[in-house]
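# Summary of the model geometry
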Amino acid sequence: MIERSGYGIIIACLLLAAITHLTFPPLSLFFIIAALFTAYFFRDPYREIGEGVVSPADGRIDYIKGRRLEIFMSPFDCHINRSPASGRVVSVKFIEGSTPPAFLRKSGVRTNEILIESEDGIFRVLQIAGIFARRIVSYVKEGDVVEKGDKIGMIRFGSRVVLEIPEGYRFVRNVGEKVKAGETVALKDESIQGS
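Presented here is an overview of the structure given in this document.

Reading guide: rules and limits
- Residues numbered from 1 in each chain as written.
- Predicted model: local features only at pLDDT ≥ 70, side-chain atom pairs only at ≥ 80, totals over all residues.
- Heavy atoms only, no water.
- Phe/Tyr/Trp six-rings, centres within 6.5 Å; stacked < 30°, edge-to-face > 60°.
- Helix = DSSP H or I, 4+ residues; strand = E, 2+ residues; numbered from the N terminus.
- Buried < 20%, exposed > 50% of the residue type's maximum accessible area, 1.4 Å probe, protein only.
- Contact = heavy atoms within 4.5 Å.
- Salt bridge = Lys/Arg side-chain N within 4 Å of Asp/Glu carboxyl O.
- Pairing = 2+ DSSP bridges.
- 1 Å grid on protein atoms, 1.4 Å probe; cavity = no way out; pocket = protein on both sides within 12 Å on 5 of 7 lines; lining within 4 Å.
- Points joined across faces, edges and corners; volume = space filled by probe spheres on them.
- Nonpolar A, V, L, I, M, F, W, Y, C, P; charged D, E, K, R; others polar.

### Topic: the packing of aromatic side chains
With the rule as written, the count across this model stands at two aromatic pairs. Look at F30 and F31: their rings are 5.2 Å apart centre to centre, the planes differ by 75 degrees, and that puts the pair in the edge-to-face class. Arranged with centres 5.8 Å apart and planes meeting at 65 degrees, the rings of F123 and Y169 form a pair that is edge-to-face. Taken together, the positions of F123 in strand β7 (residues 121–129) and Y169 in strand β12 (residues 169–171) put the pair 46 residues apart, joining distant regions of the chain. Just as F123 is buried, Y169 falls in that class too.

If you want it as structure tokens, here you go:
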């Protein structure tokens with residue numbers, strides 16, 4: 001399956017491939033490759049949703065501190081983001097800023113902040129645009145009710161996603177691990193719950 005916003009780009013590439021095939025055939029190969037890459041990039045695979053708090057993105061964890069986890073998404077990762085928990089969207093806020101390479105952690109970057117309120121507290125998801133990510137697409141708005149694993153947005157072409165979890169949870173993944181959206185990254189800390 002392909003994410004809906006990718007179809008327009010694929011069709012445009014195929015039309016350009018057809019036109020250039022008539023005028024300058026070697027160039028048409030470029031547009032065919034672009035269409036294939038776009039189909040791959042905008043893929044929307046089925047996911048089995050894990051227990052506990054799930055990863056909002058595909059990619060590699062490159063930072064964990066306290067209740068904050070960051071995932072670097074390469075251009076080859078699936079870029080559809082998912083809700084880490086069930087709850088109500090209490091805020092969606094786009095923050096304009098710079099677009100440095102996504103593998104760098106910097107302040108003042110272009111970000112879409114989604115706050116999801118569950119019975120355990122607020123889950124904060126930051127969709128951060130990288131140098132090649134020119135657009136952040138949000139599928140949710142304030143007041144929406146989401147289930148864990150629901151699609152909440154997409155970042156186009158290389159990016160970073162941050163997950164901040166409420167107190168009472170602990171991360172069960174480590175820096176350097178690859179994750180997929182919908183996989184478990186945090187669980188309730190029973191030692192805290194029982195104290």
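And the narrative resumes.
### A word on the environment of F171
Along the chain, F171 falls in strand β12. In this structure F171 comes out as buried when scored by relative accessible area, which is 16%. Each C-alpha atom of the pair F171 and I64 lies 8.4 Å from the other, and the pair is 107 residues apart in sequence. Not counting chain neighbours up to four residues away, the residues in contact with F171 comprise I64, G66, R67, R68, L69, L163, I165, V185 and A186.

### Things to note about the pattern of salt bridges
Under the definition given, this model contains 15 salt bridges. Here R68 ties to E164 by a salt bridge, and the two come within 2.5 Å at their closest N and O atoms. Linking R68 in strand β3 (residues 68–73) with E164 in strand β11 (residues 159–164), this pair joins segments that are 96 residues apart in sequence. With its nearest N and O atoms 3.4 Å apart, the salt bridge here joins D120 to K188. You can see D120 sitting in the loop between β6 (111–118) and β7 and its partner K188 sitting in strand β14 (residues 184–188), a full 68 residues away along the chain.

### Here we look at the pairing of β7
Both β6 and β7 contribute to a ladder of eight bridges, which runs antiparallel. What sits directly across from I116, in β7, is F123. Linking β6 to β7, which pair antiparallel, is a turn of two residues. Pairing of β7 with β11 involves six bridges; the strand directions are antiparallel. Looking across to β11, one finds that L126 is bridged to V162.

### Quick word on empty space enclosed by the protein
Scanning the entire structure with this criterion turns up one cavity of 30 Å³ or more. Space inside the largest cavity adds up to approximately 30 Å³. Around the largest cavity sit D44, P45, R47, D58, C78, I80, R82 and A181, which together line it. For the lining of the largest cavity, the class distribution of residues is four nonpolar, no polar and four charged.

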